[in-house]
Amino acid sequence: PSTFRQHIFSTGLEYQGTLRPRVEVTAGASVDGTATPETGPFPSRDPIYGWGLNTGVRVGLTDQWDMRGALGRKTRFPTMRELFSGALGKFTPNPNLQPVSAWIGEIGVERQGTLWSMGVTPFYTRVQNTIGKTNVQTPDGLKVKRINLSGARVYGVESSLVWQATDALRLDGSLTWSRPRSITDEGTQKLDEKPGWLGSGLVEYAFPFGLSVTGQARYTGDVYARLDRVTGRAFGRLPSALVLDARLAYDLSRLTDAIGGELYARGENLTDETKFIGLGLPRPGRSFRLGVKVSF
């Protein structure tokens, strides 16, 4: 047998404070690292270190309107599986993978109110050394190898809206548009299996006798996947999907003051919509769940 072991550690310092009325700031930094003291049949490798950054500011424009901004950096180290796993003969290991680092920035406007709240947040992400896949010819045939790529960038806008129409009726929705692209030597190309549109909507109604009904819709669109795994240059669009869910719940505190919680029934993907998470990889279809949550 082969033995593998990995240590991941992180230490950091963060400050949160109020510089002046209506102005809150956050500033932090961290040092991260990973070591693999046991690597099975592979040569040992030196520890890898990275650094992180977390900064943010929130300004209260009025009693209900806020503006906020954030900028951060974080490192993701390759997993043991990515470094050393052959995955049932399909993959060839790559113990020399380097960590992935990402810069994330956003600026947004939010409104918090009694009847309705909303938020709009443009964002930008720049990732370096992304871990991708390529085909390599080995003595045992064609296999897949994980490699570091030049990186990727994603920018877009996230929006949300919550409306408490009545004491019993609440509507909640969000919509995100993004443009995900991987960076190549020739420029940019579509980023594999990353949606350009994500949306969700929720309607919840609470009856006075303890029963609540929730309906939810989830949309995924503008997703592309590689059709040619050898060159990685030919992309095809995956079908868009609109998944409908529903939930019934009964408040157990209506029966006795001794316990809290709820008895619920949930149905997911009621129309049995086909949703692809990758080329040739549909998610499971319709499902139902019954459960109880109890608190004392």
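To start, this report covers the structure provided alongside it. (Residues numbered from 1 in each chain as written. Predicted model: local features only at pLDDT ≥ 70, side-chain atom pairs only at ≥ 80, totals over all residues. Heavy atoms only, no water.)

1. Structural notes on the sheet that holds strand β9 (residues 141–148)
Just so we agree on the cut-off: Two strands qualify as a pair provided DSSP detects at least 2 bridges between them. Labels follow the DSSP assignment, with helices taken as runs of H or I lasting at least four residues and strands as runs of E lasting at least two, numbered in each case from the N terminus.
Taken in spatial order, the three strands line up as β5-β9-β8 in an open sheet, and their pairing is mixed. Two strands in the sheet have a free side with no partner beyond their single neighbour: β5 (91–92) and β8 (131–138). Direction of pairing for β8 relative to β9: antiparallel, over a ladder of eight bridges. Bridge pairing in β9 places I131 opposite N148.

2. Some words on unusual backbone geometry
Of note, the phi angle at E193 is positive, near 60 degrees, even though the residue is not glycine. A positive phi is found at D222, a non-glycine position, where the angle reads about 60 degrees. Mapping D222 onto the fold places it in the loop between β14 (211–221) and β15 (223–226).

3. As for the environment of V57
Here is the rule: In what follows, residue pairs with any heavy atoms lying within 4.5 Å of each other are defined as contacts.
Inspection of the secondary structure assignment puts V57 in strand β3 (residues 48–60). Placed 96 residues apart in sequence, V57 and R153 show a C-alpha to C-alpha distance of 24 Å. Apart from the residues lying within four places of it in its own chain, the contact partners of V57 are V23, E24, V25, M67, R68 and G69.

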